[in-house]
Amino acid sequence: MKLTGAEILCESLTRLGVREIFGYPGGAILPVYDALGKSKLHHVLVRHEQGATHMADGYARASGGVGVAMATSGPGATNMVTGIATAMLDSSPVVCITGQVSSKVLGSDAFQEIDITGITMPITKHNVVVSHAEDIARTVREAFVIASSGRPGPVLVDITKDAQQASAEFDWEASAPQLPPKRQRTNHDPAEFDRAVELLNSAKRPLILAGHGIMVSGAMRAFEQFVRAGNYPVAMTLLGIGCFPASDPLNLGMMGMHGEAWVNNAIQEADLLIAVGMRFDDRVTGDLRTYAKSARKIHIEIDRAEINKNVKVDAALVGDAREVLEKLTPHIVTRDHDAWIRHIAKLKGDSAVRDIQSLPDTGHLYAAHVINDIWKETHGEAIVVTDVGQHQMWEAQYYHHNRPRTLITSGGLGTMGFALPAAIGAKFAKPDAEVWVVVGDGGFQMTMSELATIVQEKINIKIAIINNGFLGMVRQWQEFFYDKRYVATPLVAPDFAALANAFGIRGERITKRAEVVPVIRSARESTETVLIDFRVEQEDSVYPMVAAGASLSDMIRRPNSPLVETATEP
Amino acid sequence: MQTLVAYVENKPGVLNRVSSLARRLAINIDSLTVGPTENEAIARMTIVAHTDEKGAHRLEASLEKLVDVRLAENVSDRALLERDLALIKVSADQQNRPHLMELIKVFRARVVDVAPESLILEVSGAVEKIDGLLEVLRPFGVLEMARSGRISMTRGGDLLRPPVSAPSSELAAVDSNLK
Ligand SMILES: Cc1cc2nc3c(=O)[nH]c(=O)nc-3n(C[C@H](O)[C@H](O)[C@H](O)COP(=O)(O)OP(=O)(O)OC[C@H]3O[C@@H](n4cnc5c(N)ncnc54)[C@H](O)[C@@H]3O)c2cc1C
Ligand SMILES: Cc1ncc(C[n+]2csc(CCOP(=O)(O)OP(=O)(O)O)c2C)c(N)n1
């Protein structure tokens, strides 16, 4: 069957199971848009190409499949850069398709020509220029395989306009991926495996560090069996949240810079750390010289480059988390860690009194309360998509996720502006799920134009703006480390509720604690998107905090006294 | 200094990916050579990098993550045959020429071009040997020099061959699962 390159692209995407494409048109990709119109694919028109990449990313993270974003050459492609980097740092499978000028003028600084494969080389897992229609089907299939296999990541396919327009024979069978053969590494070194088993069975104070890789691997069941077999307490990274139910007594919560105090203390006291699908990010370890000094370490990790990168380990099991865990579990014989678990429970009890939930009601509205109420009202069942900043950390602390892929957040790049578009993508991936956006007043202003996308697509998500009138997380650093010199962090915002109305979205503004639950309930009852502007305490801080580069043992804790009174103008 | 050997796809842009990776890892490359192999689809690289064992592990593992790299291996600890080739243009007048010729013999270099005021020498061998020759030539006046960079091969039965089998069945499984 002879088709144009553009038609081959649409047909290939359809056969790969794609339903939605998030994109924005322009000259160099117009042939594809023409073909899109005749295909069964649904195109979601975004308001900025960064939004398209975050939507594809949110789609991928919520579904476990591949998200697809599309843009034209030149500025369309460069607008994707932040979203691609976001997906790269969090190992998210996104395929970006960009139009490129015709191959005949490549390299001539033609109108809207930009070397997007050159630009994105360090921030993609792979990228490629296609200049022949007959290569499109195979290349797109290869892009999907690369994006979703092993350690996932973004792939960019740059297709020249003449390749989109030319005709070629479309033969799906003949266009199977032809990726270069790789050396098959023997992953499970038997000596390493035996050492790991021995460490597991001799540990007195073991602790699991559970990461994003568990979700990527689909290892939740194998992980639970492993946890039960050894009766191991579990700490999670930010991106590991959801891989093991928060309601399980063995789940301790988040580790790291804003992790729970008892978790960080347990890490420092443990005699064995079992890291599964996590990469010892510096937000997780703090100062490496003082990190978990009394612990031996086992690292279960698919990417060999992560072994001994930040933390030197005693046994490295390179491979897919599920496979490794399934092999390991039958060898576990020691499971009596009750004294250790009781000890951690005591640490936890000591922390509870400092918790903001336990502070007397001062009549002020605290972000933690808002998020905790959202958690209660949604029974912990919603998909929550957060932006970057204080609200992100409060969400991690106060929304207790029981299911995988229900917290979607930018961890590695920490991209402000991520939440709103990523939530749109997540909603397309899980149309029946309740999707909440938790976002700061700063980050929301970065990509709020996507409200128009919500309206155009008639989708139903709930947006909670945690509005503290500051770039809160940066203000917190200024408070702690720069003597409260608040340079460039006080932030003027529009009236968000009125703004929502202007887009045709219901908007609410909340200033009192008593109003929180009712507004959440009424938002949940609505079948349309609702935006709620929560005017929270302006100068609250996230506790505990391990300062960047400090030891995990040195946590800045919430002062016992109620917060300093600050003027919150409603 | 660490030495890595890599088999890569013999196509445009691959060198850029490899060097871009080293730059991103903040690893300074001392020399990088690339040339064809007996299989025309595959090129072979020898990378000599200013880094320690940990850095070399990171580079090796990261290189193997590149789609276009079939294999990368740190061979620093193995028995290696290493060769560098240099062309050295040295100034030579009637007076010092005989002395120069003696040195050339000692280092088993060859004279490959003769001009009234200069000679071009060709010398190959281990890096230290070439460095040694350069040292003694310096007083004569080294006018120009070109070096190929190091190529390395593990000795004897220690074979380092590129994987050439069909794409792994694992990836084919991923392809058929998409949908
Ligand atoms: C403001 C801010 C504050 C933050 N504070 C914290 C904090 O306090 N605590 C915290 O934890 N994080 C924090 N983060 C996030 C942090 O920066 C990292 O993004 C996060 O710790 C990474 O978690 P991870 O290693 O589990 O996931 P990733 O970075 O996604 O790494 C996943 C790992 O799993 C491996 N993997 C992938 N697939 C598989 C598989 N199939 N089998 C086995 N392994 C696999 C990958 O190779 C990779 O090494 C913060 C971020 C921001 C923006
Ligand atoms: C694109 C981008 N620019 C800058 C930063 C640095 N940064 C991290 S958190 C933060 C403040 C976020 O403020 P806001 O969105 O209001 O959320 P809050 O911290 O108040 O909850 C900033 C500026 C970033 N992470 N991303």
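Residues numbered from 1 in each chain as written. Chains lettered and ligands numbered in written order. Predicted model: local features only at pLDDT ≥ 70, side-chain atom pairs only at ≥ 80, totals over all residues. Heavy atoms only, no water.

### Looking at the pairing of strand β15 (residues 383–386) of chain A
All names here are of chain A.
Here is step 1: Of the two faces of β15, the one holding I383 and V385 and the one holding V384 and T386 are both buried throughout.
Here is step 2: The pairing of β15 with strand β17 (residues 435–440) spans four bridges and is classified as parallel. Along β17, the bridge assignment pairs V384 with W436.
Here is step 3: Bridge analysis of β15 against strand β16 (residues 407–408) gives two bridges, and the strand direction is parallel. Each residue of the ladder has a partner; that of V384, found in β16, is L407.
Here is step 4: In this region the chain leaves β15, passes through helix α17 (residues 390–398) and returns to the parallel neighbour β16; the handedness of that crossover is right-handed. (Buried < 20%, exposed > 50% of the residue type's maximum accessible area, 1.4 Å probe, protein only. Helix = DSSP H or I, 4+ residues; strand = E, 2+ residues; numbered from the N terminus. Pairing = 2+ DSSP bridges. Right-handed = clockwise from strand over helix to strand, strands pointing away.)

### So, the environment of A:I307
Residues and elements named next belong to chain A.
Here is step 1: The topology assignment puts I307 in the loop between β13 (296–301) and β14 (315–318).
Here is step 2: Taking relative accessible area as the criterion, I307 reaches 6% and is therefore assigned buried.
Here is step 3: Sequence separation between I307 and W375 is 68 residues, and the spatial gap between their C-alpha atoms is 36 Å.

### Re the interface of chain A and chain B
Here is step 1: In this complex, chain A contributes 30 residues to the contact, which on the side of chain B involves 34 residues.
Here is step 2: For chain A, the biggest contributors to the area lost against chain B are A:P181, A:K182 and A:R183; these three give 23% of the whole.
Here is step 3: Linking chain A to chain B there are six salt bridges.
Here is step 4: We note a salt bridge from B:E64 to A:R183, for which the minimum N-O separation is 2.7 Å. (Contact = heavy atoms within 4.5 Å. Buried area = accessible area lost by both parts, 1.4 Å probe. Salt bridge = Lys/Arg side-chain N within 4 Å of Asp/Glu carboxyl O.)

### Notes on the site of ligand 1
Residues and elements named next belong to chain A.
Here is step 1: Ligand 1 sits among 37 residues. The nearest are H212, T237, M255, R279 and E301.
Here is step 2: The separation between an oxygen atom of ligand 1 and a polar side-chain atom of E301 is 2.5 Å.
Here is step 3: Relative to its free-state accessible area of 990 Å², ligand 1 is covered by the protein chains to the extent of 97%.
Here is step 4: Looking at the shell around ligand 1, its residues break down into 13 nonpolar, 15 polar and nine charged. (Near = heavy atom within 4 Å. Polar contact = N/O pair within 3.5 Å; in protein donor to acceptor, adjacent residues only side chain to side chain. Areas by Shrake-Rupley, 256 points an atom, 1.4 Å probe, with all protein chains shown as cover. Nonpolar A, V, L, I, M, F, W, Y, C, P; charged D, E, K, R; others polar.)

### Some words on the domain arrangement of chain A
All names here are of chain A.
Here is step 1: Considered domain by domain, chain A is made up of domain 1 (2–169), domain 2 (190–349) and domain 3 (356–542).
Here is step 2: On a C-alpha basis, the centroid separation for the pair domain 1 and domain 2 is 37 Å.
Here is step 3: Across the boundary between the two partners, domain 1 contributes seven residues, which contact seven residues of domain 2.
Here is step 4: Looking at the side of domain 1 facing domain 2, the largest losses of area belong to D90, G150 and R151, adding up to 69% of the total buried there.
Here is step 5: Our count for the contact surface shared by domain 1 and domain 2 stands at two salt bridges.
Here is step 6: Across the pair R151 and D303 runs a salt bridge, and its minimum N-O distance is 3.0 Å.
Here is step 7: Seen at the junction of domain 1 and domain 2, the total is three residue pairs in polar contact (both at pLDDT 80 or more).
Here is step 8: Partitioning the side of domain 1 that touches domain 2 into residue classes produces two nonpolar, two polar and three charged. (Domains from an automatic or database assignment.)

### Notes on the sheet that holds strand β4 (residues 67–71) of chain A
All names here are of chain A.
Here is step 1: If you walk across this open sheet you meet the six strands as β3-β2-β4-β5-β7-β6, and the pairing is parallel. Of all the strands in the sheet, the pair left with one neighbour each is β3 (42–45) and β6 (126–130). Strand after strand, the sheet turns through a mean of 25° between neighbouring axes, direction not considered.
Here is step 2: Two elements, strand β2 (residues 20–23) and β3, share four bridges in a ladder whose sense is parallel. Residue I21 lies in a different strand from β3, and its bridge partner there is H43.
Here is step 3: Together, β2, β3, β4 and β5 (94–100) form the strand contacts of helix α3 (residues 49–63), whose direction differs from that of β4 by roughly 170°. (Axes fitted to C-alpha atoms, helices over the stretch in contact; angles between N-to-C directions.)

### Focus on the site of ligand 2
Residues and elements named next belong to chain A.
Here is step 1: Near ligand 2 there are 17 residues, and of these Q390, H391, G414, G443 and G472 occur at the shortest range.
Here is step 2: Separating an oxygen atom of ligand 2 from a backbone N or O atom of Q390 is a distance of 2.8 Å.
Here is step 3: A distance of 2.9 Å separates an oxygen atom of ligand 2 from a polar backbone atom of M473.
Here is step 4: Alone, ligand 2 offers 590 Å² of accessible surface; in the complex the protein occludes 76% of this.
Here is step 5: If you list the elements that add at least two residues to the shell around ligand 2, you get α17, α19 (441–447) and α21 (472–481).
Here is step 6: Broken down by element, the shell around ligand 2 gets its largest block of residues, four residues, from α19.
Here is step 7: The class makeup of the residues in the shell around ligand 2 is seven nonpolar, nine polar and one charged.

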